[in-house]
Amino acid sequence: MGMLNRVRAALSGSKRKGTGLELSRWTSAPPRREVPALLAAYAEMPWLGTVVDTVGDAFAGVTWRAFQRRDPTTRKALVDVSLRRACGDERRERLKALVDVAGAVELPDHPLLRLLADPNDYMTGRDFAKLFCTHYDLTGEFFAVVEELAGVPVGLWPVPPDCVLALPDLSKPKGERTYTVTAGGRMFTLPTASVVYVKRLNPADPLGRGIGIAYALGDEVDTDEHAARYTKNAFYNNMLPGAVIAIEGFNESQAGPAKAFKESLAREYGGPANAGRVMITSGKTTFARLDTPFRDMQLVDLRRFLMDFVRMVYRVPPEIVGDVTSSNKATSFSAREHLAEQATKPRAEVFLAAIQKHLAPRFDDDVILSYDSPVPADREHRLRVMGTLPSAFSFDEWRTEAGFKPHPERQGFAELLPGQKANEPQDTPTPAAGSSAEANAEAISGD
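Residues numbered from 1 in each chain as written. Predicted model: local features only at pLDDT ≥ 70, side-chain atom pairs only at ≥ 80, totals over all residues. Heavy atoms only, no water.

Caption draft 1: Spotlight on the sheet that holds strand 7 (residues 186–191). Here three strands make up an open sheet; going across it, the order is 5-6-7 and the pairing antiparallel. The sheet is open, and its two edges are formed by strand 5 (164–166) and strand 7, each paired on a single side. Here the strands of the sheet are splayed against their neighbours by 35° on average, with no regard to which way each runs. By the bridge criterion, six bridges tie strand 6 (residues 178–183) to strand 7 in an arrangement that is antiparallel. Following the sheet pairing, Thr-178 is matched in strand 7 by Pro-191. (Pairing = 2+ DSSP bridges. Helix = DSSP H or I, 4+ residues; strand = E, 2+ residues; numbered from the N terminus. Axes fitted to C-alpha atoms, helices over the stretch in contact; angles between N-to-C directions.)

Caption draft 2: Structural view of the packing of helix 7 (residues 125–139) against helix 13 (residues 329–358). One can describe the packing of helix 7 onto helix 13 by two numbers: an axis separation of 11 Å at closest approach and a directional angle of 105°. When the interaxial angle is binned, helix 7 and helix 13 end up roughly perpendicular. Note on element contacts: helix 13 touches helix 7 through Arg-347, Val-350 and Phe-351, opposite Phe-128, Phe-132, Cys-133, Tyr-136 and Asp-137. Of the residues assigned to the contact of helix 7 with helix 13, the class counts are six nonpolar, no polar and two charged. (Parallel < 35°, antiparallel > 145°, perpendicular 65-115°, else oblique. Contact = heavy atoms within 4.5 Å. Nonpolar A, V, L, I, M, F, W, Y, C, P; charged D, E, K, R; others polar.)

Caption draft 3: Main features of the pattern of salt bridges. One pass over the full model with this rule turns up 18 salt bridges. Across the pair Asp-372 and Arg-65 runs a salt bridge whose closest N-O atoms are separated by 2.6 Å. Of this pair, Asp-372 sits in the loop between strand 11 (367–371) and helix 14 (379–388) while Arg-65 sits in strand 1 (residues 64–69); the two residues are 307 residues apart in sequence, bridging distant segments of the chain. The shortest N-O distance in the salt bridge between Arg-209 and Glu-141 comes to 2.7 Å. With a gap of 68 residues between them, Arg-209 in the loop between strand 8 (195–199) and helix 8 (213–216) and Glu-141 in strand 3 (residues 141–149) connect regions that are remote in the sequence. (Salt bridge = Lys/Arg side-chain N within 4 Å of Asp/Glu carboxyl O.)

Caption draft 4: Layout of the sheet that holds strand 4 (residues 152–159). Spatially, three strands are ordered 4-3-8 in an open sheet, and the strand pairing comes out antiparallel. Both outer strands of the open sheet, strand 4 and strand 8, are each paired with one neighbouring strand and no more. In this sheet, neighbouring strand axes are inclined to one another by 25° on average, regardless of whether the strands run parallel or antiparallel. The sheet contact formed by strand 3 and strand 8 spans five bridges and is antiparallel. Pairing of Val-145 across the sheet is with Val-195, part of strand 8.

See below:
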């Protein structure tokens, strides 16, 4: 056996037996006690739910593609580890170059794509992708049970992270490791091969449970929620009067006059319509205010700061969530690019790596998963380039850029480029009749 083959055998996943160090921090780790509260916060805290929804909706719109690496001559499938490990734009560029030279072929109807588009009988592919992002962002974990038919995955069933009570015990052989899951009041034991587990690593315990972004935002989102409830209680009933009025001469034996005075206050000054009215009375009166005005508490500024902080932690620009206070056309477009680069693409890479590792090998055809770039095309830049030398682009290209279909009476280029000849093979189409390009062509022919 050569050196290269020995290295390959040593690095093969089936040969790994562990070192013992992976058992030093955890065994059958239970879910964090905060996980149910984080999942509930999605429904109870509107701002957190909005930001998580925004990121999830963007991720759910990613278009997935499947490719197979092949030898250009023999057309046999090849294993390209470096291509599988390539990320983002590099992977797309390499695949495009390989497809152009027959070194790879796209598989638009691959079973893996069908599985992602139709994961189970109760969810669409978009729902499944958004749920992955929601669980991942809130708790740092995503679990999906794989349904198989004759050894081929045919379904993916997501499981809430708080329902997974125990991870596989690494002290056991690989074939005996299982997940412990609860559902419907029953306990299930699932082999590791039947579960796809994706997590956001906790640096303090990388082999333990995942940790989500929302976990670190606990104080901020709780403070914002308490501020909202405080405001609500102030208008509803917080069992604390806004002021205490003491009138000299009233005592407990004079309940009648005190009651009459209270009724007059309710009649004359109660309700939103009477807010702010001034009361004039005779006699010595003592007034003591008990509440703190909202203006002094600066609740609006506090809530705005907390909302901006949560949004920035998730890398979501303000324009994406409707805050256009300091926005213009340029910043609005840049916000879409920022969301795609900083939020959508990192999650797409995490999802792709998990699917490529846990599901793709089960189809036995060396499929390589990829996705279209979620970054929107910069149309302003494209128009500037086209406007710099308009004659370098055909009528069809200009009409397509404007959103129109090609016109049968407008073909070819508007003008000949310097050095071009009319009807030159494989260079430029025949100029349209009556165009300036035709006049230029006739002039060149006359010369």
